[in-house]
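A closer look at the structure
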Amino acid sequence: MNKFQNWMKWICIVFVVFSYLVFLNRAGKFNILYQEKELDSIRHDQDYAYLADTDDSNITIGKLPISLFENDVEIRRDFSDTTQTVREKGSGSFVIWDNGIICFSSTDNSNPFTKKYRIEYPVIIGNRTARYLYAFSFILIWIHLLLHLQIFIKSVRRLAIRIQIERKILIIGFATILPFLIFLFRFSIHQSLWADEIFTLLNYCFDKNPVFPATIYNFPNNHILLNLILSVYFKLAQISSFCQVALSPWIVRIIPIIFSFLSILFTMLAAGKINTFSGILAGVILTTTVPFYSWTTQVRGYSLSFLFMSILIYILVSYQRKPDYHWRLSAAALTAALMIYTIPFNGFFVGALMIATILRVFWDCRKIIQSNLQLKIKLGTIIRHPLINLFFALMFGIFLVFVFYFPVYDQLLDTYLSDGNYSPQTGFNLTVLRSFTELFSSYFYGRFFLFIFLLFGSVLLFLHKKFDKIIYASLFFSFSIIGIPFVLCGILKYTPFNRNFLPLIPVLAFANAILFSEISQNILKTKWISLWLRQLENKTTNSNNEFNSTIPIRTGKIIIGVLLLIVLNLSFGTNIVRIHTALPNKDLARINSLSEPYFLSTELDSDSFLRSLNSLNQQNIPIIIQWPADFYFYHLCDCYEMQCFCDFLGSDAQQIISSGSPYFLIRTVLDGEQDDSLSGKYAEQCKMVQTPGSGAYELYRCNLPSEGTTISDSKYEKVYLL
């Protein structure tokens, strides 16, 4: 049986590799075999350009290395050419249109009818063949898993027994995150889609090919792994249009909520490896962190980043306790790879952990390194250190990332390394330092008392107490993961967005829980507090346990835990309600604020507002959205069968305004605006309309007569009854 399982494992690996190569071939990234095709039925286009139909849709896939032969003279494809340059310049250039037609010119710009033309291009495996291979590989994987079903059943049984034993701790753990879940389902799950979410869903998640997100990286908004998950989820749930999601956002928000819930679980489990009290504190601290709440339901890669970071911390703590469990190395490699595949910037955190691992190894081996032993003995000692295995596991994870990103590596390099907003900048500036400050200020947002307690308590601990080895190592790795990425950004002269550092939130919660637990236990061991707690315990239980030193500490932990839960949730709830009920800030770039992003405001309830506008706008006249406004808001209008145009995008809105045609105007009311009046032609043409459920939106009727009269407009050839 074991031999058969081993054979099945290698067969699965072979078919998975072949499936990946076929996928690369279908994406135009893996080309071995080539074929030729004569160009017949050539016809003139414009100027020097001529057209020929290849009758092969595969020729349009990606950036295939295609060559055009003119009387056996090879003309290589230049991706800088356009249809316009072919028409005007000619000189043997060619482009391929989306319908498979090749637009080309002869090398001497003469009539090509007297010459022979053929193209040479890679052989692309058919879609049906690829699907059969994918399906067969999937079946083999399931067979392989079924062969290990007994191991899975034993693991489930072991987990069930552990749950039964520790059910009280699980109940307490659920109670700690219950307020967070209430706020989440009360405010966030039905939150209207905002700019980046609309862009992501429209451009990456509704393609007929469910793996399409893995083949395109034309903009940083493509958080590939999440988009792949959503694409498959939409296929399975039979959600086929953007409007289904836009009208019921909870359909898609439930996915990042699941990831965020798992992030809480793994953060608590990681801290629980230190002690049970730390695990509970980690849940309390993380679920009352405003940035974690603010970004946890976003249809972006942040929830997945939270999850993989918390898993990585859990694996790290587990491996330190039992380094002989080698499956954790495989888990670390895969987790690191998936984390970077979610958002490329997450590679900074994995790199920080690798640096911290090497530093820890050298610290542990410092006496041998400083000794007079031979170099090979020193190297052997370092290589045999358990953390070196973890280092190489993370290194293998980075190798996997190259495999994952290979289909889009050229686009990825163009996005981040070409001159632009997302490329490394010259010179170290204060932006990274501001990001560092923003991370900590947002993490302690609304709970400055927690910062003061941890700061002074930590100083006293480091001065007067020697930490347990596992606690010291956990804190060292945590603060390394937090601090090193900022140093790396400074060295590489790269200034990322503040929100790129969001994955550090679970690490902060993990480290703070350990510190809080250690500080609390040392406070509880103080003589007069210990005596008071012992007396309190004896009064409540009507017994005398003066010789049991653990009882007052246990009672003190319960009191501290309950007080912390109440105080942090009161502070958290007060701030969340205030942020949700306030108007969005006048600076819509507050998306980069980790604690108060503008899209949290429930005043931006586009569904209620657009439904009211739809019932009012029975004649479907154009709607203009005035700047400042949420980007891509006009796509939501399509879901309510209305036409929306932005006065800050394109010329359509300006043409409507200047033509004097009837239109509605949407203006977003922002907090902090001093002048709320309309200006220019808007002031001349528009009057406000009161609508229910408008929130932060104001509606104006422009170039329309008073309500109840009939007008006609020759341009629209309709009669408006308003």
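Located above this text is the structure these notes cover.
Conventions adopted
- Residues numbered from 1 in each chain as written.
- Predicted model: local features only at pLDDT ≥ 70, side-chain atom pairs only at ≥ 80, totals over all residues.
- Heavy atoms only, no water.
- Helix = DSSP H or I, 4+ residues; strand = E, 2+ residues; numbered from the N terminus.
- Contact = heavy atoms within 4.5 Å.
- Areas by Shrake-Rupley, 256 points an atom, 1.4 Å probe, with all protein chains shown as cover.
- Lys, Arg positive; Asp, Glu negative; His and termini not counted.
- Charge placed at Lys NZ, Arg CZ, Asp CG, Glu CD.
- Patch = residues over 30% accessible without salt bridge, like charges linked within 9 Å, V, L, I, M, F, W, Y side chains within 5 Å.
- Salt bridge = Lys/Arg side-chain N within 4 Å of Asp/Glu carboxyl O.
- Buried < 20%, exposed > 50% of the residue type's maximum accessible area, 1.4 Å probe, protein only.
- Phe/Tyr/Trp six-rings, centres within 6.5 Å; stacked < 30°, edge-to-face > 60°.
- Lys NZ or Arg CZ within 6 Å of the ring centre and 35° of its normal.
- Axes fitted to C-alpha atoms, helices over the stretch in contact; angles between N-to-C directions.
- Parallel < 35°, antiparallel > 145°, perpendicular 65-115°, else oblique.
- Nonpolar A, V, L, I, M, F, W, Y, C, P; charged D, E, K, R; others polar.
- Disulfide = S-S within 2.5 Å.

1. Notes on the overall build of the protein chain
From N to C terminus, the protein chain includes 28 helices and 15 strands. Expressed as lengths along the three principal axes of its C-alpha atoms, the size of the protein chain is roughly 105 × 75 × 55 Å. Considering only contacts within the protein chain whose residues lie at least 6 apart along the sequence, 72% involve residues at least 24 apart. For the protein chain, the accessible surface area stands at approximately 36000 Å², while carbon and sulfur atoms represent 62% of it. Separation between the mean location of the 60 positive side-chain charges and that of the 50 negative ones in the protein chain comes to 19 Å.

2. Regarding a nonpolar patch on the surface
Taken together, the side chains of Val 16, Phe 138, Ile 141, Trp 142, Leu 145, Leu 146, Leu 149, Phe 152, Ile 153 and Val 156 present a nonpolar region at the surface, about 940 Å² in accessible area. Sorting the residues of the nonpolar patch by element identifies helix 3 (127-147) and helix 4 (149-165) as the ones contributing at least two each. Here the element with the most residues in the nonpolar patch is helix 3; it accounts for five residues. Along the polypeptide, Val 156 turns up in helix 4. The exposure class assigned to Val 156 is partly exposed, which follows from its relative accessible area of 40%.

3. What to know about the packing of aromatic side chains
Any pair of aromatic rings gets described here by the distance separating the centres and the angle formed by the planes. Under the counting rule described, the total for this entry stands at 44 aromatic pairs. With 5.1 Å between their ring centres and 65 degrees between their planes, Phe 15 and Phe 136 make a pair best called edge-to-face. Residue Phe 15 is found in helix 1 (residues 2-26), and its partner Phe 136 is found in helix 3; the two are separated by 121 residues along the sequence. Note on Phe 15: relative accessible area 25%, which makes it partly exposed. Their ring planes at 85 degrees and their centres at 5.7 Å tell us that Phe 345 and Phe 349 sit as a pair that is edge-to-face. Cluster of aromatic residues (ring-pair linked, three or more members): Phe 199, Tyr 204, Phe 219, Trp 627, Phe 631, Tyr 632, Tyr 634 and Phe 648. The ring of Trp 363 carries the charged tip of Arg 366 above its face, separated from the ring centre by 4.0 Å. Above the plane of the ring of Phe 497 lies Arg 499, whose end atom (NZ or CZ) is 4.3 Å from the centre.

4. Looking at the packing of helix 7 (residues 224-236) against helix 13 (residues 327-342)
Angle between the axes and distance between the axes: these two values describe a pair of packed helices. With their axes 6 Å apart at the nearest point, helix 7 and helix 13 run at an angle of 90 degrees to one another. Between helix 7 and helix 13, the crossing angle belongs to the class labelled roughly perpendicular. Note on element contacts: helix 13 touches helix 7 through Leu 338, Tyr 341 and Thr 342, opposite Ile 224, Leu 225 and Leu 228. Here the residues of the contact of helix 7 with helix 13 sort into five nonpolar, one polar and no charged.

5. So, the state of the cysteines
As enumerated under the stated definition, the model contains three disulfides in all. One disulfide in the model links Cys 637 with Cys 644; its S-S distance is 1.9 Å. One disulfide, between Cys 637 and Cys 644, carries an S-S torsion of -75 degrees and so falls in the left-handed class. Judged by its relative accessible area of 10%, Cys 644 falls in the buried class. Disulfide pairing is shown between Cys 686 and Cys 702; the S-S distance is 2.0 Å. On the sign convention where negative means left-handed, the S-S torsion of about 110 degrees between Cys 686 and Cys 702 marks this disulfide as right-handed.

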